[in-house]
Amino acid sequence: MSIKQDLLQLLKPYFLINILLSFSYIILKKIPGVCNYLFSSDSCEFEGRETEILFFLLIVVVIRTRKSGSVSMISYLSSSFLYTKIANLILWFNADYLYGIIFGILFILGALLIPEPTYAGPDNVIYFRGEQGLSEELSSSKATWLIAFYTAWNPVCVSFAPVYAKLSCDYGLENLKFGKIDIGRYPEAGKKYQVSDSSFSKQLPTIILFEGGKEVLRRPTVDTKGKLIKFFFSEENTSLAFGLSNLYEKAKQSNKDVNKGKKEN
């Protein structure tokens, strides 16, 4: 997404509330008067333990967002909210048990009542409901398929949704199709196509290219030693990795040949 779209996303309740929760301790600790009242201290400077927690948080967020493959401001925020809120929970408990309990309640209520917004824009994607429907379509269809295996709760899957939707609109044809299946709801599909839906999985999302019903290419993939090769799911990376421009031209030419044959007959 563009910077303008990212900024518009930040105005949604999910991001506003999570940003406030993530910076609640720092903000209130640095406001004169409020700081003195809440923390019963003459100084509004961070103590040694607080500095250590914040520094450790910074390291964790950087490492985890890099490992998750976040490539935009929104995806960085989404993948870091959990860690920043846990750090704030520790800080509030460290200041006062009552503050910690109040923050914990707000933490839980926010997660239950205000889930992360999902993409609701235009797309050219077919959503499969179950492994059987997907397998039958792949085995019977003559089209080339690009299938995204995802879960609704994974931050990288959520941030990749608008990218995948745009690719489907740009490259989707009658014989070059885009599909998605939620392996959180349909785990049998994940098992068949060897995509883990574990909360610790580094395979989410996984994109697989099928031609003639057979897998041709997937990202992320594994090397010869069985180690997963990290893949950053940006629009450019995905397009280049699967050769979407070439697939599109090939499919387009195939459609022309079919239509020409029909006219001649």
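K.L.:
Outline the sheet that holds strand E5 (residues 214-219), supporting the account with residue identities and numerical values.
P.N.:
Taking strand neighbours across the sheet as the criterion, the five strands line up as E1-E3-E2-E4-E5 in an open arrangement whose pairing is mixed. The sheet is open, and its two edges are formed by strand E1 (125-128) and E5, each paired on a single side. Sheet twist, expressed as the average angle between the axes of neighbouring strands with direction ignored, equals 25°. Where E1 lies against strand E3 (residues 176-182), four bridges are found, and the strand directions are parallel. Directly across from Val125, in E3, lies its bridge partner Phe178. In the packing of helix H7 (residues 131-140) onto the sheet, contacts are made with E1, strand E2 (144-150), E3 and strand E4 (206-211), and the angle to E2 comes to roughly 160°. Those strands touched by helix H8 (residues 155-171) are E1, E2, E3 and E4, and its axis lies near 160° from that of E3.

K.L.:
Any details on the nonpolar core? Residues and values, ideally.
P.N.:
Counting 19 residues, the largest nonpolar core has Leu146, Tyr164, Tyr171, Phe178, Ile207 and Leu244 as its most contacted members. Those elements giving two or more residues to this core turn out to be E2, H8, E3, E4 and helix H11 (244-264). No other element matches the five residues that H8 contributes to this core. In contact with Tyr171, other than residues within four places in its own chain, are Leu176, Phe178, Ser239, Leu244, Ser245 and Tyr248. Counting 18 residues, the second largest nonpolar core, distinct from the first, contains Phe149, Ala189, Tyr193 and Val195.

K.L.:
Go over unusual backbone geometry with me, naming the residues and quoting the values.
P.N.:
The peptide bond linking Leu204 to Pro205 adopts the cis configuration, its omega dihedral lying at -10°. Relative to the elements of secondary structure, Pro205 occurs in the loop between helix H9 (187-192) and E4.

K.L.:
Pulling in residues and values, what's your account of the side chain of Lys180?
P.N.:
Mapped onto the secondary structure, Lys180 falls in strand E3. One buried charge, Lys180, has no salt-bridge partner; the nearest side chain with opposite charge is Asp123, at 6.8 Å. With residues near it in sequence (within four places) discarded, Lys180 still touches Val125, Ile126, Tyr127, Phe128, Ala148, Tyr150, Ala161 and Tyr164.

K.L.:
Kindly report on the pattern of salt bridges, identifying the contributing residues and their values.
P.N.:
Under the defined criterion, the tally for this structure stands at six salt bridges. In this structure, Lys166 engages Asp170 in a salt bridge whose closest nitrogen and oxygen atoms are separated by 2.9 Å. Here Lys166 and its partner Asp170 are both found in helix H8, four residues apart, which amounts to about one turn of the helix. Its relative accessible area of 40% is what places Lys166 among the partly exposed residues. Residue class for Asp170 comes out partly exposed when judged on its relative accessible area of 38%. Across the pair Arg218 and Glu215 runs a salt bridge whose closest N-O atoms are separated by 2.8 Å. Its relative accessible area of 12% is what places Arg218 among the buried residues. One salt-bridge network, held together by shared partners, links Lys166, Asp170 and Glu235.

K.L.:
Describe the pairing of E3, and please don't skip the residues or the numbers.
P.N.:
With six of seven residues buried, E3 lies mostly within the body of the structure. Note that E2 and E3 share seven bridges and pair parallel. Following the sheet pairing, Tyr150 is matched in E3 by Asp182. Regarding the hand of the β-α-β motif, the stretch spanning E2, H8 and E3 is right-handed.

K.L.:
Can you lay out the packing of helix H2 (residues 13-30) against helix H5 (residues 73-95) for me, pointing to particular residues and giving the numbers?
P.N.:
Remark: H2 packs on H5, axes separated minimally by 9 Å, with the N-to-C direction vectors making an angle of 40°. As judged from the angle between their axes, H2 and H5 are oblique. In this structure, the crossing between H2 and H5 has a hand that is left-handed. From H2, Tyr14, Phe15, Asn18, Ile19, Leu21, Ser22, Phe23, Ser24, Tyr25 and Leu28 reach across to H5, where they touch Ile74, Ser78, Phe81, Thr84, Lys85, Asn88, Leu91, Trp92 and Ala95.

K.L.:
Go over the environment of Leu244 with me, naming the residues and quoting the values.
P.N.:
Considering the arrangement of structural elements, one finds Leu244 in helix H11. The class for Leu244 is buried, based on a relative accessible area of 1%. As for Leu244 and Val34, which are separated by 210 residues in sequence, their C-alpha atoms are 56 Å apart. Sequence-distant contacts of Leu244, that is, excluding residues within four places in its chain, are made with Leu146, Leu167, Tyr171, Phe178, Thr238 and Ser239.

Rules and cut-offs
- Residues numbered from 1 in each chain as written.
- Predicted model: local features only at pLDDT ≥ 70, side-chain atom pairs only at ≥ 80, totals over all residues.
- Heavy atoms only, no water.
- Pairing = 2+ DSSP bridges.
- Helix = DSSP H or I, 4+ residues; strand = E, 2+ residues; numbered from the N terminus.
- Axes fitted to C-alpha atoms, helices over the stretch in contact; angles between N-to-C directions.
- Contact = heavy atoms within 4.5 Å.
- Core = buried A, V, L, I, M, F, W, Y, C linked by side-chain atoms within 4.5 Å.
- Buried < 20%, exposed > 50% of the residue type's maximum accessible area, 1.4 Å probe, protein only.
- Lys, Arg positive; Asp, Glu negative; His and termini not counted.
- Salt bridge = Lys/Arg side-chain N within 4 Å of Asp/Glu carboxyl O.
- Right-handed = clockwise from strand over helix to strand, strands pointing away.
- Parallel < 35°, antiparallel > 145°, perpendicular 65-115°, else oblique.
- Left-handed = near helix turned anticlockwise from the far one by under 90°.

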